[in-house]
Amino acid sequence: MEMDSLETERTTIGWAARDPSGVLSPYTYTLRNTGPEDVLIKVTYCGICHTDLHQIKNEVGKSQSYYPMVPGHEVVGEVVEVGSDVSKFRVGDCVGAGLLVQCCGICRPCKSEMEQYCNKKIWSYNDVYTDGKPTQGGFAQSMIVHQKFVVKIPDGMTPEQAAPLLCAGVTVYSPLNHFGLKKSGLRGGILGLGGVGHMGVKIAKAMGHHVTVISSSDRKREEAIDHLGADDYLVSSDSTRMQEAADSLDYIIDTVPVFHPLEPYLSLLKLDGKLILMGSITTPLQFVSPMVMLGRKTITGSFIGSMKETEEMLEFCSEKGLTSMIEMVKMDYVNTALERLEKNDVRYRFVIDVAGSKLDQ
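Rules of the game
- Residues numbered from 1 in each chain as written.
- Predicted model: local features only at pLDDT ≥ 70, side-chain atom pairs only at ≥ 80, totals over all residues.
- Heavy atoms only, no water.
- Axes fitted to C-alpha atoms, helices over the stretch in contact; angles between N-to-C directions.
- Helix = DSSP H or I, 4+ residues; strand = E, 2+ residues; numbered from the N terminus.
- Parallel < 35°, antiparallel > 145°, perpendicular 65-115°, else oblique.
- Left-handed = near helix turned anticlockwise from the far one by under 90°.
- Contact = heavy atoms within 4.5 Å.
- Nonpolar A, V, L, I, M, F, W, Y, C, P; charged D, E, K, R; others polar.
- Pairing = 2+ DSSP bridges.
- Right-handed = clockwise from strand over helix to strand, strands pointing away.
- Buried < 20%, exposed > 50% of the residue type's maximum accessible area, 1.4 Å probe, protein only.
- Salt bridge = Lys/Arg side-chain N within 4 Å of Asp/Glu carboxyl O.

Draft legend 1. Region of interest: the packing of helix α4 (residues 168–178) against helix α5 (residues 195–206). It is the contact of α4 with α5, at a shortest axis distance of 8 Å, that shows an interaxial angle of 50°. With respect to α5, the element α4 is oriented oblique. Regarding α4 and α5, the two cross each other, and that crossing is right-handed. On α5, the residues touching A168, G169, T171, V172 and L176 of α4 are G195, V196, M199, G200 and I203. The residue makeup of the contact of α4 with α5, split by class, is six nonpolar, four polar and no charged.

Shown next, in the form of structure tokens:
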């Protein structure tokens, strides 16, 4: 079935925050008009990411949150209609959509297939589309996404398991891919064991790395080693063990989304080691320069991944049988889930069963 872009606007229902309290409740709104390259997706599942929390509470640094705001950017659903120029997808396909819904297509990042670094990128929610309509995310019945930003979920992958891969999975895969850290035999550290961290352990292990989880307490040792397959576990306050581990890691994926000192972790890196920041932190971080000079170490950052990397990552996870560890909830539990996420009380990602929820009450 093809979409006609002249149709009347479609309404959908989602759960939106109305103000920085971040409390979500049912909200009916119209979707943007569809174009020839658009895909209409009926949302079945959507993951809850730490970024959703920052956005609904207006904790996004210099930019401003727009309300009402329907969050959600780890979206899995079914294609219900496609525009006349859509070639990659058919009605009935199981697909995913992530953090971006549009880019300029002409800048250097876009031309190099790294559209996540386009300065004119449009976020899947809390942004304004090219037609002036606010974008709304996946905590909703449906979404319209340009085919460039839609991916096919590999056959045999459970859709709810795939949802967190669209943000947490590709966020880890992209820097390992870009910095040439995919070869086996490397020694990696994963700092913080939340949604992104747990995928970091799984993906790095599947690449053949020796993986050390670094955490602020001993609380997650058993799960890190027994459930996720990490090789070692370091508590950052245990100075003896931290000293023993000095100069031992090729990279550290730092997923901590709040202010923390960098120096203890820089000392764990080998010569030319990389500390890769992934948590969105609006407070300035600090370190003394000899920590990086005497070891030619790099502090860098990485932001989600490209559509190409998202497709590669899904294939990789499918091939290796990797899934995310999730707790499935219904939409009427979403505010409690967000409160629990703020306290890190989830193993390791909440996924909303959107299709199985009554969204209007």
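Draft legend 2. How the structure looks around the sheet that holds strand β15 (residues 249–254). A sheet is described by the order of its strands in space; here six strands give the open sequence β14-β13-β12-β15-β16-β17, paired in parallel fashion. Every interior strand has two partners, whereas the edge strands, β14 (232–235) and β17 (298–301), have only one. Between one strand axis and the next, the sheet turns by 20° as a mean value, whatever way the strands run. The sheet contact formed by strand β12 (residues 187–191) and strand β13 (residues 210–215) spans five bridges and is parallel. When the sheet's bridge partners are listed, R187 is paired in β13 with H210. Taken strand by strand, α5 contacts β12, β13 and β15, and its axis lies near 165° from that of β13.

Draft legend 3. Seen up close, the pairing of β14. Pairing of β13 with β14 involves four bridges; the strand directions are parallel. Residue pairing across strands places I214 opposite L234, the latter belonging to β14. Regarding topology, helix α6 (residues 221–227) serves as the crossover connection from β13 to the parallel β14, and that connection is right-handed.

Draft legend 4. Summary view of unusual backbone geometry. Cis peptide bonds are those with omega within 30 degrees of zero, and the linkage from Y67 to P68 qualifies with -10°. Residue position: P68 is located in the loop between α1 (50–56) and β4 (74–82). The omega torsion of the bond from R347 to Y348 falls at -15°, within 30 degrees of zero and hence cis. Mapped onto the elements of the fold, Y348 is located in the loop between α11 (334–342) and β19 (349–353). A positive phi angle is found at D247, which is not glycine, with a value near 55°. Structurally, D247 is set in the loop between α7 (239–244) and β15. Of the residues examined, D247 reaches a relative accessible area of 52% and is grouped as exposed. For I304, which is not a glycine, the phi torsion comes out positive at approximately 30°. As for its position among the elements, I304 is in the loop between β17 and α10 (307–320). Overall, the relative accessible area of 9% leaves I304 in the buried class.

Draft legend 5. Inspection of the pattern of salt bridges at higher detail. For the structure shown, the criterion picks out 17 salt bridges. Ionic pairing is found between K148 and E115, a salt bridge with its closest N-O pair at 3.6 Å. With K148 in the loop between β10 (142–146) and β11 (150–152) and E115 in the loop between α2 (108–111) and β7 (122–123), this pair connects stretches of sequence that are 33 residues apart. Owing to a relative accessible area of 33%, K148 belongs among the partly exposed residues under this scheme. Here D247 ties to K297 by a salt bridge, and the two come within 3.9 Å at their closest N and O atoms. A residue pair is termed long-range when its members are at least 10 positions apart, and D247 in the loop between α7 and β15 and K297 in the loop between α9 (290–293) and β17 qualify at 50 residues. The buried category is assigned to K297, whose relative accessible area is 12%. Through salt bridges that share partners, E327, R340 and D345 make up one connected network.

Draft legend 6. Region of interest: the packing of α4 against α10. Remark: α4 packs on α10, axes separated minimally by 9 Å, with the N-to-C direction vectors making an angle of 105°. Classed by the angle they form, the pair α4 and α10 counts as roughly perpendicular. The residues of α10 that touch α4, namely those facing G169, V170, Y173, S174 and N177, are E309, T310, E312, M313 and F316. Of the residues belonging to the contact of α4 with α10, the class tally is four nonpolar, four polar and two charged.

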